[in-house]
Amino acid sequence: MIALNFNLETIEKFLSNTFEIDCIDICLTQKIDNEPIVYTGPGTIYQDEHGTLQLKLYSKINDIKKELSHQFKHHTPGKIIADDNYFTLKAIDMSGTEWVSDNIWVSANVSLNVNGQVIKSRLGEIETIEDGSTNEKNYLFIIIPGKYEIPCNEKEDLPGGGWHLNRSVFSANNINFEFRKLDNCLIINANSEPDFLTENTHVRILEALSIIMGLTIRSVVFKNTQQNRAVLKIKSVSNSYSNKNFPQPFNHSTPGDFQSFSNFFDKYLATIDASFSDLFGFWHKINRAWQASIENSSLSLGVAIEGIIRTYFGELGLPDNEITQQADEAKQKLNDIVIGKRIKERLLSSLGDLLKNKSPKDALYQMAQDGLIKKEMADTWRKLRNKSVHPDNLNEDPRAVQKYINQIYTCIALFYRLLFIIIKYEGSYVDYSEEEWPEKLFQEKDK
């Protein structure tokens, strides 16, 4: 039974990092087949001041020598720690709900005395499952801590009278959405027929929202109700996580932005049919580099654009018929020339690579010729890609730095343009390749 009631009081506890679950019975079991170490007893699962889930367990001492040898075990630096060094958790709270968690590290953070020990450990997430429910539709409920701007199209009545515009309600890819903006969080409710809101659809929803917001979106609460069961997860969401805004693809703060907001979700969910796609992975690579500095992101940006070209535009960048014919002729002539064996093999190998390798540069210029991007974007990507692999010039004057920044933002515009083409997005966008970053209406064929 999932006993949590997600009223405003409970939600506020999650957002203020004061949520806790008192447990009458907790069992930590070592992940090993034979004679695992087991810690049992009452305890508490709670959020610390940073939003990280913590476990505090009061356990008896069963085999002090065995338990201490594990807690103070030496681990070889640079080696992945084996599974048998971790524990699984099963906990029963005061309402009888069972919570589980995996891959728990029990280190030397243990207080010992004559009668028992206090074990403290971090938890990545806890989960409880309710079986037996029968639903005609699938449902999704997500709480995301933080302040976010969304284009609202429906109001919410206030308890004391009056109303405020704080809800974005729409359908995307056969899923009905309600985004509700509160002062310190965003709440997502969704429902659909079972074929569309599947078990992992929430990952793609958070991916699309991350790209829109220019932030890595992380939920603190996630409840997925399928036809025959409901899964509730509570996650660690530390407020110390670096999450600086990456430039956003389009504006999303006013009712006038609603169409772009809803269309992006519709196209992303319809096109990207699996979570953790390469497309989102390339965005995430750039976003993480952006956390360090704009300069550090240039290499990731150049590589991500190259990766998108290779992954999603495979028909472009291959040698044309003319260069292929010339390469074949060159190979014939090389075979007839009397030169050293090693150099001949090297030259023939280079010609072979030329015929089979795709060139992201050639693909971008082909896209420019086809009107999909501006030629200046391809030129800028090539310059930035070359510059990013060279050492930093710490003595560059302000004009050179500004030119570098302009190149980075032009490549951001290129990245988003490629993304829009892939998912067939229709709506407004911010053109970072032009002065003052104007807002425009996206067209696949660039004018």
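Everything that follows concerns the structure shown earlier in this document.
For the structure given in this document, a descriptive report is provided here.

Criteria and thresholds
- Residues numbered from 1 in each chain as written.
- Predicted model: local features only at pLDDT ≥ 70, side-chain atom pairs only at ≥ 80, totals over all residues.
- Heavy atoms only, no water.
- Helix = DSSP H or I, 4+ residues; strand = E, 2+ residues; numbered from the N terminus.
- Buried < 20%, exposed > 50% of the residue type's maximum accessible area, 1.4 Å probe, protein only.
- Contact = heavy atoms within 4.5 Å.
- Lys, Arg positive; Asp, Glu negative; His and termini not counted.
- Charge placed at Lys NZ, Arg CZ, Asp CG, Glu CD.
- Pairing = 2+ DSSP bridges.
- Phe/Tyr/Trp six-rings, centres within 6.5 Å; stacked < 30°, edge-to-face > 60°.
- Lys NZ or Arg CZ within 6 Å of the ring centre and 35° of its normal.

Here we take up the overall build of the protein. A count of helices and strands for the protein gives eleven helices and 17 strands. By principal-axis analysis of the C-alpha atoms, the protein measures approximately 85 × 65 × 50 Å. For the protein, the residues scored as buried account for 45% of the 447 residues in total. Restricting to contacts in the protein with at least 6 residues of sequence separation, those with at least 24 account for 68%. Of the side-chain charges in the protein, 50 are positive and 60 negative, and the distance between the mean point of each set is 6 Å.

Bringing the pairing of strand S7 (residues 117-123) into the picture now. With five of its seven residues buried, S7 lies for the most part within the structure. Where strand S3 (residues 53-59) meets S7, seven bridges bridge the pair, whose relative direction is antiparallel. From the neighbouring strand, Gln 54 faces S7, where its bridge partner is Arg 122.

Note on placement: Asn 296 falls in the loop between helix H5 (278-290) and helix H6 (297-312). Taking the C-alpha atoms as reference, Asn 296 lies 19 Å from Phe 280; in sequence the two are 16 residues apart.

Scanning all chains against the criterion turns up 33 aromatic pairs. Taking 5.1 Å as the distance between ring centres and 70° as the angle between the ring planes, the aromatic pair formed by Phe 420 and Phe 442 counts as edge-to-face. Taken as a pair, Phe 420 in helix H11 (residues 398-423) and Phe 442 in the segment after strand S17 (439-441) lie far apart in primary sequence, 22 residues in all. On the basis of relative accessibility, which here comes to 1%, the residue Phe 420 falls in the buried class. Seen in terms of ring centroids, Tyr 425 and Phe 442 are 6.4 Å apart; in terms of plane orientation they differ by 40°. Their pairing is tilted. With a gap of 17 residues between them, Tyr 425 in the loop between H11 and strand S16 (428-430) and Phe 442 in the segment after S17 connect regions that are remote in the sequence. The pair formed by Tyr 425 and Phe 442 is uniform in burial state, with each residue classed as buried. The positively charged end of Arg 218 is found above the aromatic ring belonging to Tyr 241, 3.9 Å away from the centroid.

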